[in-house]
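# Report on the structure
The chain contents come next:
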2 protein chains.
Amino acid sequence: MRTPNHLDQTLLALADPTRRAILQRLSAGETRVTELAEPFAMSLNAVSKHIRVLERAHLVHRRREGREHLLSFTPKPMDDVARWMDAQRANWSARLQALDDLLQEEDRAAASAPPDKKGRTR
Amino acid sequence: MRTPNHLDQTLLALADPTRRAILQRLSAGETRVTELAEPFAMSLNAVSKHIRVLERAHLVHRRREGREHLLSFTPKPMDDVARWMDAQRANWSARLQALDDLLQEEDRAAASAPPDKKGRTR
DNA sequence: TTGATATTCAACTCCGAGGTTGAACGATGC
DNA sequence: GCATCGTTCAACCTCGGAGTTGAATATCAA
């Protein structure tokens with residue numbers, strides 16, 4: 001908890017529509033900060049701060065060329081997120097399968113008993 | 001931006017190690033609040049708040065049974081995250097492929113010219 | 001009813017996120 | 001040199017996240 005790990009930073013960075021839009025834009029290619037900020041209804045400074053959050057999460061890389069800062073998307077942290085989610089999915093999918101089996105078991109058992117008024121919800 | 005959409009809520013909820021641990025625990029089966037809070041070095045109230053964040057993101061479902069609140073993992077929002085990430089991946093993977101092609105093109109061209117001092121960085 | 005258990009609600013602190021404005025800094029162009 | 005462009009830094013505001021403690025609510029058990 002005292003170590004804000006990479007997943008934390010990455011997920012936090014992704015949990016904002018502006019930043020996701022920035023990433024989407026960057027996935028189309030390197031872009032200058034000003035150019036990147038142009039479509040947003042907020043100050044350049046605000047966008048600059050969003051960029052710093054993305055940098056902290058290692059989701060964008062900055063390359064200075066003269067006075068221009070060129071930003072590009074570095075997707076590696078997203079892989080970590082994907083890996084974590086896959087691991088989670090593996091966990092609960094197995095369990096949901098077991099639950100399904102159990103429910104079917106119950107249904108077969110209920111078929112030989114008086115039916116229940118309320119159906120299986122959701 | 002004024003509509004904090006589902007992805008926002010979900011990613012924000014996931015961007016905390018305590019909450020991810022809670023989900024991990026819940027993926028092993030329904031759990032009472034107190035039982036859930038026991039391993040964490042924080043007050044029951046703090047855990048209760050985390051649970052509310054997870055509920056807001058529809059990542060957990062609460063079922064009241066007497067005085068006990070039984071929580072379970074509802075993974076659907078994670079699918080939305082996965083879908084968004086896949087879409088992103090489709091975007092930039094295509095572009096990275098194009099970039100790779102370009103770099104190889106340049107390498108071939110450079111092979112016939114005097115070599116460059118600084119190598120291809122990262 | 002009384003008392004214990006399970007959980008939330010309410011009020012508070014602290015801190016950082018997200019936004020603003022204004023100034024500073026570094027590179028470019030004349 | 002000087003003005004301008006691209007970008008950040010600094011200071012400030014507001015809001016909500018994350019934690020605390022203490023009281024309230026609801027259920028169970030006697």
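Computed from a prediction, not measured in an experiment: that's the story for all the values here. (Residues numbered from 1 in each chain as written. Chains lettered and ligands numbered in written order. Predicted model: local features only at pLDDT ≥ 70, side-chain atom pairs only at ≥ 80, totals over all residues. Heavy atoms only, no water.)

### Looking at the nonpolar core
Cut-off, in case you're wondering: Among buried residues, the Ala, Val, Leu, Ile, Met, Phe, Trp, Tyr and Cys ones that are joined through side-chain atoms within 4.5 Å form a nonpolar core. Relative accessibility decides the category of a residue: with a 1.4 Å probe and only protein chains considered, values under 20% of the type maximum give buried, values over 50% give exposed, and everything between is partly exposed. Contact definition: two residues touch when any of their heavy atoms are within 4.5 Å.
With 52 residues, the main nonpolar core has Leu-59 and Met-85 of chain A together with Leu-59 and Met-85 of chain B as its most contacted residues. Those residues in contact with Leu-59 of chain B, other than ones at most four positions away along the chain, are Thr-10, Ala-13, Leu-14, Leu-23, Leu-54, Ser-72, Phe-73, Thr-74, Pro-77 and Met-78 of chain B.

### Notes on the relation of the copies chain A and chain B
Heads up, the rule is: Copies overlap after least-squares fitting; the atoms used are the C-alpha atoms of residues with pLDDT of at least 70 in both.
When chain A is fitted to chain B, the residual RMSD is 0.1 Å, and the transformation amounts to a turn of 180 degrees plus an axial shift of 0.1 Å. One copy is carried onto the other by what is essentially a two-fold rotation axis. Most of the interface of chain A is mirrored in chain B, where 100% of its interface residues are also at the interface.

### Concerning the sheet that holds strand β1 (residues 31-32) of chain A
Residues and elements named next belong to chain A. Here is the rule: Pairing between strands is defined by DSSP: at least two bridges between the two strands are required. Numbering of helices and strands runs from the N terminus; a helix is a DSSP stretch of H or I covering at least four residues, while a strand is a stretch of E covering at least two. Here an angle of 0 to 180 degrees is reported between the N-to-C directions of two axes, which are lines fitted to C-alpha atoms, with helices fitted over the stretch in contact.
The strand order across the open sheet built from 3 strands is β1-β3-β2, with neighbouring strands paired in antiparallel fashion. If you trace the sheet from one side to the other, it starts and ends with β1 and β2 (60-65), each paired once. Note that β1 and strand β3 (residues 68-73) share 2 bridges and pair antiparallel. Within the sheet, the bridge partner assigned to Thr-31 lies in β3 and is Leu-71. Of the strands in this sheet, β1, β2 and β3 are in contact with helix α2 (residues 17-26), which crosses β3 at around 90 degrees. Sitting on the sheet, helix α4 (residues 44-56) touches β2 and β3, and the angle it makes with β2 is about 115 degrees.

### So, the sheet that holds strand β2 (residues 60-65) of chain B
Residue and element names in this part refer to chain B. Taking strand neighbours across the sheet as the criterion, the 3 strands line up as β1-β3-β2 in an open arrangement whose pairing is antiparallel. Sheet topology places β1 (31-32) and β2 at the edges, where each strand pairs with a single neighbour. Helix α4 (residues 44-56) rests against β2 and β3 (68-73) of the sheet, and its axis sits at about 115 degrees to β2.

### So, the protein's contact with DNA strand C
Threshold: Working definition: residue near molecule or strand if any one of its non-hydrogen atoms lies within 4 Å of it. Whenever a nitrogen or oxygen atom comes within 3.5 Å of another N or O atom, the pair is scored as a polar contact, on the condition that within protein one atom can donate a hydrogen and the other can accept it, and that pairs from neighbouring residues in sequence are kept only if both atoms are in side chains.
Within the structure, DNA strand C sits among 23 residues, and Asn-45, Lys-49 and His-50 of chain A together with Thr-34 and Arg-62 of chain B are positioned closest to it. Contacts to DNA strand C include Ser-48 of chain B, whose side-chain N or O atom sits 2.7 Å from a phosphate oxygen. Listed by contribution, the elements that provide at least two residues to the surface near DNA strand C are α4 of chain A together with α3 (33-37), α4 and β3 of chain B. For the surface near DNA strand C, the element with the most residues is α4 of chain A, which contributes 5 residues.

### Concerning the packing of helix α2 (residues 17-26) of chain B against α4 of chain B
All names here are of chain B. How we decide: By definition in this entry, angles of less than 35 degrees are roughly parallel, angles greater than 145 are roughly antiparallel, angles of 65 to 115 are roughly perpendicular, and the rest are oblique. Amino acids outside the nonpolar list (Ala, Val, Leu, Ile, Met, Phe, Trp, Tyr, Cys, Pro) and the charged list (Asp, Glu, Lys, Arg) are all regarded as polar, and Gly is one of them.
Interaxial distance between α2 and α4 falls to 10 Å at its minimum, and their mutual angle equals 75 degrees. Here α4 runs roughly perpendicular to α2, going by the angle between their axes. Judged by residue contacts, Thr-18, Arg-19, Ile-22 and Leu-23 of α2 engage Val-47, His-50, Val-53 and Leu-54 from α4. Tallied by class, the residues present in the contact of α2 with α4 amount to 5 nonpolar, 2 polar and 1 charged.

### Focus on the pairing of β2 of chain B
All names here are of chain B. Here 6 bridges tie β2 to β3, and the two strands are oriented antiparallel to one another. Opposite Arg-63, over in β3, you have Leu-70 as the bridge partner. Remark: 2 residues form the turn of the hairpin made by β2 and β3, two consecutive strands paired antiparallel; Gly-66 in that turn has positive phi of roughly 65 degrees.

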